[in-house]
Amino acid sequence: PAPSREPEYDAVVVGAGFAGLHMLHRLRTAGLRTRLFEAGDAVGGTWFWNRYPGARCDFESVDYSYGFDAELQRDWTWSERYPSQPEILRYLDHVADRFGLRADIRLSTRVCAAHYDGDARGWTVRTAATGPAGRTEEVTTRLLIMATGALSAPRLPDVPGIDTFAGRTLQTSLWPREGVDLRGERVAVVGTGSSGAQVVPRIAEQAERLHVLQRTPVYVVPAHNRPLTPAEQSAVKEDYPAYRDRSREAFLGVHFDPAGESAAAADPDERRAAYEERWRAGGASILACYPDLLVDAAANETLADFLRGKIAELVVDPETARRLTPRDLAVGSKRLVVETDYYPTFNRPSVELVDLREEPLAEVTPRGVRVGDREIELDVLVFATGFDALTGPLLAVDVSGVDGVSLADAWADGPSTYLGLAVAGFPNLFTVAGPGSPSVLSNVVRCTEENVEWIGDLAEHMRAHGATEVHASAEAAKDWTAHVGEVAETTLLTSANSWYVGANVPGKPRVFMPYAGGLPEYHRRCAEVAERGYEGFSFR
Ligand code: NA7
């Protein structure tokens, strides 16, 4: 039978970050009636919310940018090697204007629920206004694309008394737009992941006193950020098409030249020189120095040892250096942190590292925090405590599919997707950068760009064939999810208590969520499925 009614939209896209904006553009170009909903009151997604001092991407700007439009990449000029949060926002604003996307974006509107109607072969989407420009309404759509991001559901720790603090409580991921003056304040930062390591040096420049509350030390490498020279800017623009091709062929979606075949087998002096060279160059390239670094524990230990040596060189107080030094942690099993001035910040007399393994965080009090058997008095308490990664943003929406089964129930034992793009039991739904995709283990812009094209092609395929429903089979999803797990097991990535395995959220099923097989292999598999007439999907 035909669908019981025509939906208002051909497609609804959720989220106005990198993936959502591009998705909207792609579907509109294909002639689909598309509406994008965004909870923030401006475009930018993750980069709209994470506006803490020092917020900056850990991929280089020439990599962390769209490649789908030759003129866009020729016209836009990045000012620095690594893009700052404000510059990324300016870029995405430019993209929204340039492609005339704003007319189809409803800002200040959060998607709260989405229910699949099998008779209508479409989704009923319920929204709630988050500000004056928003709208609380119900709309119907054929396709629903969740471009909700991988790291966009912020998490506060379950520490007793967190609501009792009389001073100011802040979260890096929800930083006030007007900024915060921390001069003369006594501040604590909880968390030393990428956000913590970026914000700590900037707060230390202002605060009268800064206590850094660290539970697990991680490896931090220097970014060596700097302005790009006009010569560099024009060189990359001239080479962009070939540059993008090389990126797409690179495991991480960024091309790095390896120093050799194996860190384990390399000559120790040459290996050290290779690490040193990449340390001086800056950024995550050090992790791509040898292909066995993420799969062979002995190889990884050579890099871990090098990085531990750097901490000892950079941090003056040996006790502080010891506390900052990761032990029994494979480099990369928690995301390698790329930063500026992190270790030297601990040489400032006004900065104290509090090791929560020695002095556990017992409670937040009206005056500050109680760690071990002391109370630290504070004016400002900053949480840089991470996200309910990958599944969090999807499960924050009340999604129900065939027979009213909720996504939360379907994923009770961990997420299951087909290619990280579709979910069995949830027809006409697509996820971008979610579980089962390599998004967080790669240059996410390269990853989602190809996802967007793939979904756009599928939407066009449906239209060409008069199909109103596409559904990933349970078997295809089961096989892909098993494959994701198997690939991860061949690496060292499963070895840590990281957000990759959901370990940072109490009660979350411990499942390695991202696809660790690298970007080229992932896209090859996605393309193969499409070429075989969307193998693993059925159409009505
Ligand atoms: P992360 O990397 O998840 O870091 C969160 C930090 O907060 C990390 O140091 C955690 O320690 C710490 N944390 C979390 N809960 C607690 C509690 N209860 N007590 C003390 N400390 C806690 O998030 P980020 O925002 O820094 O970075 C996320 C990604 O964004 C990053 O990987 C980049 O891709 C960009 P733990 O390690 O769990 O012991």
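Residues numbered from 1 in each chain as written. Predicted model: local features only at pLDDT ≥ 70, side-chain atom pairs only at ≥ 80, totals over all residues.

(A) Structural view of the sheet that holds strand β14 (residues 368-371). Judged by pairing direction, the sheet is antiparallel, and its three strands sit side by side in the order β13-β14-β15 without closing on themselves. In this open sheet, the two edge strands, each paired with only one partner strand, are β13 (361-364) and β15 (374-377). Geometrically, the sheet is characterised by an average inter-axis angle of 25° between neighbouring strands, direction not taken into account. One ladder, built from three bridges, connects β13 with β14; its direction is antiparallel. Bridged to L361 within β14 is V371. (Pairing = 2+ DSSP bridges. Helix = DSSP H or I, 4+ residues; strand = E, 2+ residues; numbered from the N terminus. Axes fitted to C-alpha atoms, helices over the stretch in contact; angles between N-to-C directions.)

(B) Local environment of the environment of A42. Assignment of secondary structure puts A42 in the loop between β2 (34-37) and α2 (46-49). Note on A42: 16 C-beta atoms within 10 Å, which makes it partly exposed. Linking A42 and L92, residues 50 residues apart in sequence, is a C-alpha distance of 9.9 Å. The contacts of A42, once residues within four sequence positions are left out, are F48 and L107. (Buried ≥ 20, exposed ≤ 12 C-beta atoms within 10 Å, placed from the backbone. Contact = placed C-beta atoms within 7 Å.)

(C) View of the site of the ligand. Around the ligand lies a shell of 20 residues, among which P157, G191, G193, T216 and G386 are the nearest. At three residues, the largest contribution of residues to the shell around the ligand is made by helix α5 (residues 194-204). Residues of the shell around the ligand, tallied by class, amount to eight nonpolar, ten polar and two charged. (Near = placed C-beta within 6 Å. Nonpolar A, V, L, I, M, F, W, Y, C, P; charged D, E, K, R; others polar.)

(D) How the structure looks around helix α7 (residues 268-281). With 14 residues, α7 extends 20 Å from end C-alpha to end C-alpha; this agrees with the ideal 20 Å at 1.5 Å per step. When α7 is considered as a whole, its buried residues turn out to be R271, A274, Y275 and R278. Axial view of α7: buried residues confined to an arc of 95°, hence all on one face. Of the exposed residues in α7, those oriented more than 90 degrees away from the buried face are D269 and R280. Note on α7: the residue one or two positions beyond its end, G282, has a positive phi of about 95°. (Expected span 1.5 Å × (residues − 1). Arc of directions from axis to C-beta.)

(E) Structural view of the environment of I455. Mapped onto the secondary structure, I455 falls in helix α13 (residues 444-464). Setting aside anything within four residues of it in sequence, one finds I455 in contact with M23, I145, L421 and F430.

(F) Looking closely at the sheet that holds strand β8 (residues 186-190). Judged by pairing direction, the sheet is parallel, and its five strands sit side by side in the order β7-β16-β8-β9-β12 without closing on themselves. Each edge of the open sheet is held by one strand with a lone partner, namely β7 (168-171) and β12 (351-355). Pairs of neighbouring strands in the sheet enclose a mean axial angle of 20°, with direction left out of account. Where strand β9 (residues 209-214) and β12 come together, five bridges link them in parallel fashion.

(G) Structural context of helix α15 (residues 519-531). An ideal rise of 1.5 Å per residue puts 18 Å on 13 residues; α15 measures up with 18 Å between its terminal C-alpha atoms. Buried within α15 are the following residues: L519, Y522, H523 and V529. Axial view of α15: buried residues confined to an arc of 120°, hence all on one face. Of the exposed residues in α15, those oriented more than 90 degrees away from the buried face are R524, E528 and E531. Among the structural elements, α13 are those in contact with the buried residues of α15. Just past α15, the residue G533 takes up positive phi, approximately 70°.

(H) Seen up close, the packing of α13 against α15. Relative to each other, α13 and α15 sit at 0°, their axes nearing to 11 Å. Considering the angle they form, α13 stands roughly parallel to α15. Here R446, C447, E450, W454 and D457 of α13 lie close against α15, whose contacting residues are L519, H523, C526 and A530. (Parallel < 35°, antiparallel > 145°, perpendicular 65-115°, else oblique.)

(I) Broad picture of the confidence of the model for the protein chain. Of the residues in the protein chain, 100% have a pLDDT of 70 or more, and the chain-wide mean is 97. Our summary of model confidence lists the complex with pTM equal to 0.98 and ipTM equal to 0.99. (pLDDT = per-residue confidence, 0-100.)

(J) Main features of unusual backbone geometry. In this structure, D403 is a non-glycine residue whose phi angle is positive, near 60°. Relative to the helices and strands, D403 is located in the loop between β17 (398-400) and α12 (407-410). With 8 C-beta atoms packed within 10 Å, D403 lands in the exposed category. With a phi angle near 70°, A433 is a residue other than glycine that sits in the positive phi range. Following the sequence through the fold, A433 ends up in the loop between β18 (429-431) and α13. Since 30 C-beta atoms lie within 10 Å of it, A433 is described here as buried.

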